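Structural overview for review
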Number of protein chains: 4
Amino acid sequence: MSGDSIGKLFKVTNWGESHGPMLGAVIEGCPAGMELSVGDIQPALDRRRPGQSKIVTQRKESDTVQIVSGVVEGKTTGTAISLIMVNEDQKSKDYSNIAELYRPSHGDFTYQQKYGIRDVAGGGRSSARVTAASVAAGAVAEKVLFQRHKIEIIAWVESVQDITCKLDPERVTREQVEANIVRCPDPDIAEAMISRIEEVRKQGNTLGGVVACCIKFVPVGLGEPVYDKLEASLAHAMLSINASKGFEFGSGFSGTLMKGSEHNDQFIQQDGVIKTTSNYSGGVQAGISNGMSINFRVAFKPVATLLQKQQTVNKQGETVEYQVRGRHDPCVLPRAVPIVEAMAALVLCDHSLRQYGNKL
Amino acid sequence: MSGDSIGKLFKVTNWGESHGPMLGAVIEGCPAGMELSVGDIQPALDRRRPGQSKIVTQRKESDTVQIVSGVVEGKTTGTAISLIMVNEDQKSKDYSNIAELYRPSHGDFTYQQKYGIRDVAGGGRSSARVTAASVAAGAVAEKVLFQRHKIEIIAWVESVQDITCKLDPERVTREQVEANIVRCPDPDIAEAMISRIEEVRKQGNTLGGVVACCIKFVPVGLGEPVYDKLEASLAHAMLSINASKGFEFGSGFSGTLMKGSEHNDQFIQQDGVIKTTSNYSGGVQAGISNGMSINFRVAFKPVATLLQKQQTVNKQGETVEYQVRGRHDPCVLPRAVPIVEAMAALVLCDHSLRQYGNKL
Amino acid sequence: MSGDSIGKLFKVTNWGESHGPMLGAVIEGCPAGMELSVGDIQPALDRRRPGQSKIVTQRKESDTVQIVSGVVEGKTTGTAISLIMVNEDQKSKDYSNIAELYRPSHGDFTYQQKYGIRDVAGGGRSSARVTAASVAAGAVAEKVLFQRHKIEIIAWVESVQDITCKLDPERVTREQVEANIVRCPDPDIAEAMISRIEEVRKQGNTLGGVVACCIKFVPVGLGEPVYDKLEASLAHAMLSINASKGFEFGSGFSGTLMKGSEHNDQFIQQDGVIKTTSNYSGGVQAGISNGMSINFRVAFKPVATLLQKQQTVNKQGETVEYQVRGRHDPCVLPRAVPIVEAMAALVLCDHSLRQYGNKL
Amino acid sequence: MSGDSIGKLFKVTNWGESHGPMLGAVIEGCPAGMELSVGDIQPALDRRRPGQSKIVTQRKESDTVQIVSGVVEGKTTGTAISLIMVNEDQKSKDYSNIAELYRPSHGDFTYQQKYGIRDVAGGGRSSARVTAASVAAGAVAEKVLFQRHKIEIIAWVESVQDITCKLDPERVTREQVEANIVRCPDPDIAEAMISRIEEVRKQGNTLGGVVACCIKFVPVGLGEPVYDKLEASLAHAMLSINASKGFEFGSGFSGTLMKGSEHNDQFIQQDGVIKTTSNYSGGVQAGISNGMSINFRVAFKPVATLLQKQQTVNKQGETVEYQVRGRHDPCVLPRAVPIVEAMAALVLCDHSLRQYGNKL
């Protein structure tokens, strides 16, 4: 059973390879009657797009999306929405030298073993290029969530290696995030991050870091115990993003250092609404959203593609040296921000339909 | 759409409440022809069972499992396996004082809002008691995995609050884990953990911590990109456990501090098998198992049920004080160990069927 | 992937064997807050129960249902509802003589080949006894449908072999159906059917026939093109019933003899509601209910278990003679009536949740 | 939850509208390593294509398929296969006169009520044009089935209105079926059918009929009791085809006239293989294929689009007259043949993966 789709009621099927002719997503279950145009989707893709700044890969893709089904006269029809993006800058010749070897910490070895075949060009299906389809679908989900609940999803780069910003998640704005190319809302820290990335890039090396995310105006009631708790669905989505290594929500791992008396979020009533005075629960209690903001963090490993010489084995198991050239991200974090937002949107939209039905 | 089931090919449907007459699990998709008896399941339940030691809840449940379908003459038939456990020590009277209020960081508020009704006795469906059904089903999965691949799953308590043991995951044995009541394989650290738990319990307070897990002898090829990567499925399963707050695998969050040149796991061939010299990948590359051990960690928050006086609001939003008495875990970590193992087994068994089909 | 469950939002998992200790169903997705008691379920089971009249099997089962989860203080909680029935009259010794051979037109051969193992006693999982669990779950679905939409589902025996009644489906009442033991609403035809069944039973032979069903007060909008059309879901459910051989709705096979000008159902407006003057569409157009009654028919083959001597092969492929004794239905039609109704209820309830959400 | 996809392990997601820019299918779960090119798919599309003869619609579509993902260097990679067809002959202007009314026995009324919006042009998503995507995907399934099991699927027109051919299903060949434009293997009956269709077409009227199908060389063991019996899956697939009204397999409705002693298929052993001397079971016993040929029949109603003047109501419920012009099928039967084959292939391929795993 393939893993090409995600979601149960708002379901996205992702297809395409890094260097194939096109890639895309089919969305099933989008509510009918919602205005939808390319203008709702393209901005998210532009934020994920390669070539957008000096600290990301220089592959040139416009990632121009087309809506080829499911929308008539500018409105969704309630049936399958098909989104397509043409690959423009495939350079398949670049990859001939790695066809016979397994690059360390890539999918070369595991894909070859699992499928008995793999698409060498650009990593084929294992490339993070496939997240473009996720982002396109996520933009549709985000629109549904905004229309139904006014939900806002904002992610940002919290750390690059050991350079970290600590911010009140509730106060981070999209404008702050987009104010610099590394997508860290603190301008000074952003500067330091950018310098570090450039420095490491010149060494042919790479970096990882952490993306934080805050989701505001979530209605009470999203999440389905016992196995489809909201945090379980979010964890699933986040760990499906290329290069992610960890997920925590609310107090997360550091919450394990607290005592129960410190960690419990006390309920109060404010303006007729029941809230909590702290939010160690991260907006989710017993698997169900409680109306507070949902906060979570996602760890991303340093990019596996180095421009340094490396050793590995080839298909015959012989030790070989190799060195790649070309266009690669020295650090995925800035481009991971819209991906994290998109995956969060897919999860929340699915749970919104599960709780509130499929009417707009 | 309910969240009562997990898995796609090895599917488990969980039913029952903390204080209902019984609880159970139905397993669909278990390979036919496997020997299966209560003796394969009961030991895991005994490790999760309340009342097993002085540092866990004193509720008395034998959690005796019955296999009531899907097995004939001691062998699985390939059709639905139904497992049932009778609740023996329900004390529903204990809970009348909390029926009208929302306990902090419990599911009282969110269940009431989501469903418009909730089972007050023992937290009903939101109780960690439902993990008994997961553990029973997980024991069956574990047997399938051992029969097909010799897979071994070993979890242990790595930390309680700030008391931490650092061990080579490859060398931890089930015997070490079971040698003490806190299930920490380091006997000295275990002693310290037990003392801390007892101390905090006497204060009516509670603790959290981290469970680590190592899965050995995993075949190459488990995991389904792009959205059902093995780590995504594991994250989903772990975050569905009551009180869990985070998941990381391989290098996890600390891997974000490394450079790519440090983090990449170099391939070598050893005795005809391709391995990696380090395992920051945690046994999974590009979402697919690579044959190395799978390592991950799960954070558990301090238990929400305190025996201290607390403030909260009632259904009318009025601030009220309350204090619970009775039988509660001061720290879920020791009992979380078999639950983590069971959920890991469910995930791997599902992916094993996806990759290798349903024949034993 | 097992086939033990049906439905996507109102999902039923069926477990148990003909001669196992018990059988049951788990219902996921039932709306919260609905009053539900054994009294809502038992009457349907009583109509399906063996031993209810002289023309059905004389196995004695009370089929007493217990609700063991998902209901608290008489109301559904929105989480998994577990229904259990204890088998009382297993006579496993009866079946020893057929363990080594394959009875004609039973599941003996195919189960053995598919699973490599089979439960010989009473046909195990292949027995129509498993429909008891479907009927129990169907009764819950029927209650949901009545509460939400006032939907009424009435099935009846339209023919036994060549004895047929032709009735206006809209006018058939449950009282007429239950007025005689064969469940044919026309008393004279019913008499003839009963005589025929008794005559054939005395010969140790069996009969088949057709069950018709009419579903009234269906709201417009149930059914999900392109592959989950309402008629597709109904066909799926009906062909999953033991011994069924065909399904047709509206004009069905005889509609193929008409011209389009005769077959088209003309729309009119009546009392502010758009209806059709005829109903060859059977209440479904383009896969979606149109508000007219849904009419369909299901064919059931003559029962495979004869009390005559028969020839077959054993596991070694050798030709053998055998003769069964014991308790068998000479004709499944009377007991198929509540099963058809239950399966229809499951389908409509699932589609109702898909269209109208999970709120009561 | 949308109904745009079908299948569980071999899953097809169908997208596109009659007059949208393109339509297509995404296939998940196709085994890796199979040679696949446009040449494997186009022939099936050519058989379904409009404009292929004088007795079908004259809309001109080449239905040229592109494979845009999931195949590298001519072989399937095991990941999502995306198939795309561009619509070439949309004449959206033709439909302006019907935007405000509900054509009888079409989806106009039900789509409008269900979704609150509909694509008027060519019926949008309710058009049988969406079966092109099913046929494209079905061709891939057919190749998988042939590679794994040598399965052959042959459908033909058995009747048009009351003109019927009765043939031994085992002996019908694809060559006979394709020898005439109506796809009836009996040349004399075919002639009569063609004359009848032409005659009725000249009257602006339409016809229905029956497609029969025989699937040979099916391995024992396909089908998953209790709810995913092979016949249940086939019924589901067949009733999801536009204009279908009924499904029967093996003896079907006429089997209800037989006694058990006549209907039981006696087992014998022949050349070491266990077979049955008759095949009233239609190749399926207890929901599982028994190795005999699978035989079934599908009823199709007369086409709803007449070129005669008709009465109906508009959105306001007012009675209106209308008359369509343009390109329509007077009888869908000839074009339904490849659609029935494709849907059967999808079902069998899904069940083949369920029983035999995903390896080629």
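The shown structure was predicted, so the numbers you read here are calculated from the model rather than taken from an experiment. (Residues numbered from 1 in each chain as written. Chains lettered and ligands numbered in written order. Predicted model: local features only at pLDDT ≥ 70, side-chain atom pairs only at ≥ 80, totals over all residues.)

1. Considering the overall build of chain A
Short version of the rule: Helix and strand definitions here come from DSSP, where helices need a minimum of 4 consecutive H or I residues and strands a minimum of 2 consecutive E residues; each element is numbered from the N-terminal end. When we talk radius of gyration, it's over C-alpha atoms, and the globule rule is simply 2.2 Å times the number of residues to the 0.38.
For chain A, the helix and strand inventory stands at eight helices and 18 strands. On C-alpha atoms alone, chain A measures out to a radius of gyration of 21 Å, which is about the 21 Å that the 2.2 N^0.38 rule sets for 360 residues. Viewed in the frame of its principal axes, chain A has a C-alpha envelope of about 65 × 50 × 35 Å.

2. Some thoughts on the confidence of the model for chain A
Note the threshold: The predictor attaches a confidence to each residue, called pLDDT, with possible values from 0 through 100.
Residues at a pLDDT of 70 or more form 99% of chain A, whose mean pLDDT is 95. On the interface metric, ipTM, the complex scores 0.98, and its pTM is 0.98.

3. Structural notes on the nonpolar core
Basically, it comes down to this: Only buried residues count toward a nonpolar core: Ala, Val, Leu, Ile, Met, Phe, Trp, Tyr and Cys, linked into one set through C-beta atoms within 7 Å. Once C-beta atoms are placed from the backbone, each residue is buried if 20 or more other C-beta atoms lie within 10 Å of its own, exposed if 12 or fewer, and partly exposed for counts between those two. Working definition of a contact: two residues with C-beta atoms, positioned from the backbone, lying within 7 Å.
V211(A), V211(B), V211(C) and V211(D) are the most contacted members of the largest nonpolar core, which has 436 residues in total. Ignoring any residue separated from it by four or fewer positions in sequence, one finds V211(D) in contact with A155(D), W156(D), V157(D), E158(D), V298(D), F300(D), L333(D), A336(D), V337(D) and V340(D).

4. Section: unusual backbone geometry
In the segment running from P225(B) into V226(B), the intervening peptide bond is cis, with an omega of 5°. Among the structural elements, V226(B) can be located in the loop between β10 (209-216) and α6 (230-239). With phi around 65°, F217(A) is a residue other than glycine that occupies positive phi space.

5. Digging into the interface of chain A and chain B
Here is the rule: Classification convention: Asp, Glu, Lys, Arg as charged; Ala, Val, Leu, Ile, Met, Phe, Trp, Tyr, Cys, Pro as nonpolar; all other residues, Gly among them, as polar. By this definition, two strands are paired if DSSP reports at least two bridges between them.
The interface is formed by 90 residues belonging to chain A together with 90 residues belonging to chain B. Here the residues of the side of chain A that touches chain B are counted per class, giving 35 nonpolar, 40 polar and 15 charged. Taken together, the three bridges between strand β11 (residues 244-249) of chain A and strand β11 (residues 244-249) of chain B define a ladder with antiparallel strand orientation. Each residue of the ladder has a partner; that of G246(A), found in β11(B), is E248(B).

6. Here we look at the sheet that holds strand β4 (residues 65-69) of chain C
In a beta sheet, neighbouring strands pair by backbone hydrogen bonds and run either parallel or antiparallel. A sheet is described by the order of its strands in space; here five strands give the open sequence β1-β2-β3-β7-β4 (chain C), paired in antiparallel fashion. Of all the strands in the sheet, just β1 (5-6) and β4 of chain C have a single pairing partner and so form its edges.

7. Overview of the environment of F300(D)
Tracing the backbone shows F300(D) in strand β16 (residues 294-300). Residue classification places F300(D) among the buried positions, given that 28 C-beta atoms sit within 10 Å. In sequence terms F300(D) and N290(D) are 10 residues apart; their C-alpha atoms lie 28 Å from each other. In this view, F300(D) contacts T256(C), G208(D), G209(D), V211(D), A243(D), S244(D), K245(D), V332(D), L333(D) and A336(D); residues no more than four positions away in its chain are not counted.

8. As for helix α6 (residues 230-239) of chain C
For α6(C), the buried fraction is high: 10 of the 10 residues fall into the buried class. Buried within α6(C) we find L230(C), E231(C), A232(C), S233(C), L234(C), A235(C), H236(C), A237(C), M238(C) and L239(C).

9. Quick look at the interface of chain A and chain D
Across the contact, 37 residues belong to chain A and 37 residues belong to chain D. For the side of chain A that touches chain D, the secondary structure elements donating two or more residues are β2 (11-16), β3 (22-28) and β4 (65-69) of chain A. With five residues, the single largest contributor to the side of chain A that touches chain D is β3(A). Looking at side-chain class alone, the side of chain A that touches chain D contains 13 nonpolar, 17 polar and seven charged residues.

10. With respect to the sheet that holds β11(B)
As summarised here, the arrangement of the 10 strands in space is β9(A)-β8(A)-β10(A)-β16(A)-β11(A)-β11(B)-β16(B)-β10(B)-β8(B)-β9(B), forming an open sheet in which the pairing is antiparallel. The open sheet terminates on both sides in strands that have one partner only, identified here as β9 (163-164) of chain A together with β9 (163-164) of chain B. The sheet contact formed by strand β10 (residues 209-216) of chain A and strand β16 (residues 294-300) of chain A spans seven bridges and is antiparallel. Note on β16(A): the bridge partner recorded for V211(A) is V298(A).

11. Let's talk about the packing of helix α1 (residues 38-48) of chain A against helix α3 (residues 131-149) of chain A
A pair of packed helices is characterised by two quantities: the angle between their axes and the separation of those axes. Residues and elements named next belong to chain A. Which entries qualify depends on this criterion: Axis definition: a line fitted to C-alpha atoms, over the contacting stretch in the case of helices. Angles run 0 to 180 degrees between N-to-C directions. An angle below 35 degrees is read as roughly parallel, one above 145 as roughly antiparallel, one from 65 to 115 as roughly perpendicular, and any other as oblique. Handedness of a crossing follows from how the near helix is turned relative to the far one, being left-handed for an anticlockwise turn of less than a right angle and right-handed for a clockwise one.
As a packed pair, α1 and α3 sit with axes 8 Å apart at the nearest point and diverge in direction by 140°. Judged on the interaxial angle alone, α3 and α1 are oblique. Crossing of α1 against α3: the hand is right-handed. Between α1, through D40, I41, A44, L45 and R48, and α3, the contact on the second element is made entirely by T131, A132, V135, A136, G138, A139, V140 and K143.

12. A look at the relation of the copies chain A and chain B
Rules: A least-squares fit on C-alpha atoms brings the copies together, and the residues used are those whose pLDDT is at least 70 in both copies.
With an RMSD of 0.0 Å, chain A superimposes on chain B once it is rotated by 180° and translated 0.0 Å along the axis. Here the symmetry operator amounts to a two-fold rotation axis. Among all residues of chain A, the minimum C-alpha distance to the rotation axis is found for H236(A), at 2.3 Å. The fraction of interface residues of chain A whose copies in chain B are also interface residues reaches 100%, indicating that both copies meet through the same surface.

13. Notes on the packing of α6(B) against helix α8 (residues 333-356) of chain B
Residues and elements named next belong to chain B. Running from N to C, α6 and α8 point in directions that differ by 145°, and their axes come no closer than 9 Å. The chirality of how α6 crosses α8 is right-handed. Between α6 and α8, the contacting residues are L230, S233, L234, A237 and M238 on the first element and V340, M343, A344, L346, V347 and H351 on the second. Looking at the contact of α6 with α8, its residues break down into nine nonpolar, two polar and no charged.

14. Here we look at the pairing of strand β16 (residues 294-300) of chain B
All names here are of chain B. A large share of β16 lies buried, amounting to seven of its seven residues. Burial along β16 is two-sided: the face carrying I294, F296, V298 and F300 and the face carrying N295, R297 and A299 are both buried. Where β11 and β16 come together, five bridges link them in antiparallel fashion. The residue of β16 that forms the bridge with F249 is F296.

15. What about the pairing of β3(A)?
Residue and element names in this part refer to chain A. Most of β3 is tucked away: six of the seven residues are buried. In this sheet, β3 lies alongside β2 in antiparallel orientation, the contact comprising six bridges. Considered in β3, the bridge of T13 is made with V26.

16. Examining the environment of F247(B)
Structurally, F247(B) can be placed in strand β11. The class of F247(B) is buried, set by 31 C-beta atoms lying within 10 Å. When the C-alpha atoms of F247(B) and R297(B) are compared, they prove to be 5.7 Å apart, with 50 residues separating the residues in sequence. Residues in contact with F247(B), not counting those within four places in the same chain, are A235(A), G246(A), F247(A), A235(B), M238(B), L239(B), F296(B) and V298(B).

17. Concerning the environment of D329(D)
All names here are of chain D. Within the secondary structure, D329 is located in the loop between β18 (319-322) and α8 (333-356). C-alpha separation for the pair D329 and M343, spaced 14 residues apart in sequence, amounts to 21 Å. Those residues in contact with D329 that sit more than four places away from it in its chain are V56, T57, V303 and R335.

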